[in-house]
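Coordinate inspection notes
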Amino acid sequence: MLIDSHCHLNYPGLVEEQGAVLARARAAGVTAMLNISTRESEWEAVIATAEREPDVWAAIGIHPHEADKHAHVDTAALVAAADRPKVIGLGESGLDFFYDHSNRAAQAANFRRHIAAARETRLPLVIHSRDAEADTVGILAEEKARGDFPALIHCFTGSAGFARQVLDLGLFISISGIVTFKNARALQAVAAEVPEDRLLVETDAPFLAPVPHRGRKGEPAFVADTARFLAELRGTTVDQIARTTSANFQRLFTKVMGCA
């Protein structure tokens, strides 16, 4: 039993053979997948996939790259769009200061709107943070002081200090196939120490295929390879990683249990 906590099943590279991608994931032991959106125009297709497939769920949100183009998507719009049975999360949203495809102030405002929606709906916020650790923690701390909300850092690649800060704020940490890369020593050290009750796994498919699939498009089936690597890294078994991360997913994304 493995859960891919972050994939993009409607992105080019996967959507053209979505049925086969899902079949391979199921054959690999993946029992649930969270299909993530990054812009408003994707929401209906992402939700439709989740509504069609019993083991696929949806998250709706605006990626930081898209913040400049989505100032009209306010908290009320997010709350309304999330009121569908298979929508269990918000995002991905957050801050990306590596590419700076959107104005940083617009990114921050977009991020805060998603946080407000997470607080109102109690749906977890899937956070993207790249080269923006201090600002991410600053916004999270300010917003947590205004009222709690569930959240995770997806595809964690940050520092050990950033991990400690977000864990102290009550967030979960999701590890992608990047952890299997040879040059990911710092991330491997962090992944080895994430508390067992805060750990998730993901593919971010069609991106970031883990070893031994590097150079190919990622797909949810490959979460099994990341789980195997994590098991060795943490000195445990693949079955334990699968049980732990699946239980954590269900504990964080409580709407899954409500719809079961």
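The coordinates are above.
Predicted, not measured: the structure shown is a model, and the values here were computed from it.

1. A short note on the packing of aromatic side chains
- Across all of its chains, the model carries four aromatic pairs by this definition.
- Centroid distance Tyr-11 to Phe-207: 5.8 Å. Interplanar angle 85°. Geometry classified as edge-to-face. In this pair, Tyr-11 sits in the loop between β1 (2–7) and α1 (18–27) while Phe-207 sits in the loop between β8 (199–201) and α8 (223–234), placing the two residues 196 residues apart along the sequence.
- Classification of Tyr-11 as buried rests on a relative accessible area of 17%.
- A ring pair is formed by Phe-98 and Tyr-99, whose centres lie 4.8 Å apart and whose planes are at 85°; its orientation type is edge-to-face.
- Residue Phe-98 is classed as partly exposed on the basis of its relative accessible area of 42%.
- Lying over the aromatic face of Trp-57, Lys-86 brings its terminal NZ or CZ to 4.5 Å of the ring centre.
- Here the guanidinium or amino end of Lys-144 rests over the ring plane of Phe-149, the centre of that ring lying 4.7 Å away.

2. Topic: the layout of surface pockets
- There is about 630 Å³ of room inside the largest pocket.
- Taken together, 28 residues line the largest pocket, and the ones lying closest to its centre are His-63, Asp-96, His-128, Arg-130 and Asp-204.
- Going through the elements one at a time, β4 (87–96) and β5 (125–130) are the ones with two or more residues in the lining of the largest pocket.
- If you tally residues by element for the lining of the largest pocket, the top one is β5, at three residues.

3. Structural notes on helix α6 (residues 160–168)
- Within α6, the full set of buried residues consists of Phe-162, Ala-163, Val-166 and Leu-167. Axial view of α6: buried residues confined to an arc of 130°, hence all on one face. Exposed positions of α6 whose direction lies more than 90 degrees from the buried face are Arg-164 and Asp-168.

4. What about the pairing of β1?
- Within β1, six of the six residues are buried, leaving the element largely enclosed by the surrounding structure.
- By the bridge criterion, four bridges tie β1 to strand β2 (residues 30–36) in an arrangement that is parallel. Its bridge partner lying in β2, Ile-3 is registered against Ala-32.
- What joins β1 to β2 is α1, and the crossover it makes is right-handed.

5. Description of helix α7 (residues 185–193)
- Residues of α7 that are buried: Leu-187, Gln-188, Val-190 and Ala-191. Buried residues of α7, seen end-on, are gathered within an arc of 165° and therefore sit on one face of the element. Of the residues in α7, the exposed ones pointing more than 90 degrees away from the buried face are Arg-185, Ala-186 and Glu-193.
- Contacts made by the buried residues of α7 are with α6, β7 (172–175) and α8.

6. Some points on the nonpolar core
- Counting 68 residues, the largest nonpolar core has Ile-60, Leu-90, Phe-156 and Ile-175 as the members making the most contacts within it.
- By size, the runner-up hydrophobic cluster in this structure holds 15 residues, among which are Ala-32, Phe-172, Leu-252 and Val-256.

7. Let's talk about unusual backbone geometry
- Cis rather than trans, the peptide bond between Gly-91 and Glu-92 has omega equal to 20°.
- Structurally, the position occupied by Glu-92 is in strand β4.
- Between Val-211 and Pro-212 the backbone carries a cis peptide bond, its omega angle lying at 15°.
- Residue placement: Pro-212 occurs in the loop between β8 and α8.
- Although it is not a glycine, Asp-100 sits at a positive phi angle of roughly 55°.
- A relative accessible area of 33% means that Asp-100 is categorised as partly exposed.
- In this model, Asp-204 sits at a positive phi of 55°, which is unusual for a non-glycine residue.
- When you line up the elements, Asp-204 lands in the loop between β8 and α8.

Basis of the calculations
Here the residue numbering is sequential within each chain, running from 1 through the sequence in written order. Only residues with pLDDT of at least 70 get local features here, since the model is predicted, and only at 80 or more are side-chain atom pairs given and counted; chain-wide, interface and lining totals rely on the full set of residues. Heavy atoms from the whole structure form the basis of all side-chain values; hydrogens and water molecules are not counted. Only Phe, Tyr and Trp rings take part, Trp by its six-membered ring, and two of them pair if their centres are within 6.5 Å. Stacked means planes under 30 degrees apart, edge-to-face means over 60, and tilted covers everything else. Put simply, DSSP H or I for four residues or longer makes a helix, DSSP E for two residues or longer makes a strand, and each gets a number counted from the N terminus. Throughout, exposure labels follow a simple rule: accessible area from a 1.4 Å probe, protein chains only, divided by the maximum for the residue type, with under 20% read as buried, over 50% as exposed, and the rest as partly exposed. Cation placement over rings: the criterion is NZ of Lys or CZ of Arg within 6 Å of the ring centroid and within 35° of the ring normal. In this analysis a 1.4 Å probe is tested at points of a 1 Å grid over the protein atoms alone, and where it fits but cannot get out there is a cavity; an open set with protein on both sides within 12 Å along at least five of seven lines is a pocket; lining residues have an atom within 4 Å of a point. Grid points are joined across faces, edges and corners, and a volume is the space filled by probe spheres set on the points. As used here, the arc belongs to the directions running from the helix axis to the C-beta atoms. Between any two strands, pairing holds if DSSP finds at least two bridges. Crossover handedness is defined by viewing with both strands directed away from the observer: a clockwise path from the first strand over the helix to the second marks the crossover as right-handed. Throughout, a contact is declared for two residues whenever any of their heavy atoms are within 4.5 Å. Note on terminology: a nonpolar core comprises buried Ala, Val, Leu, Ile, Met, Phe, Trp, Tyr and Cys residues joined through side-chain atoms within 4.5 Å.

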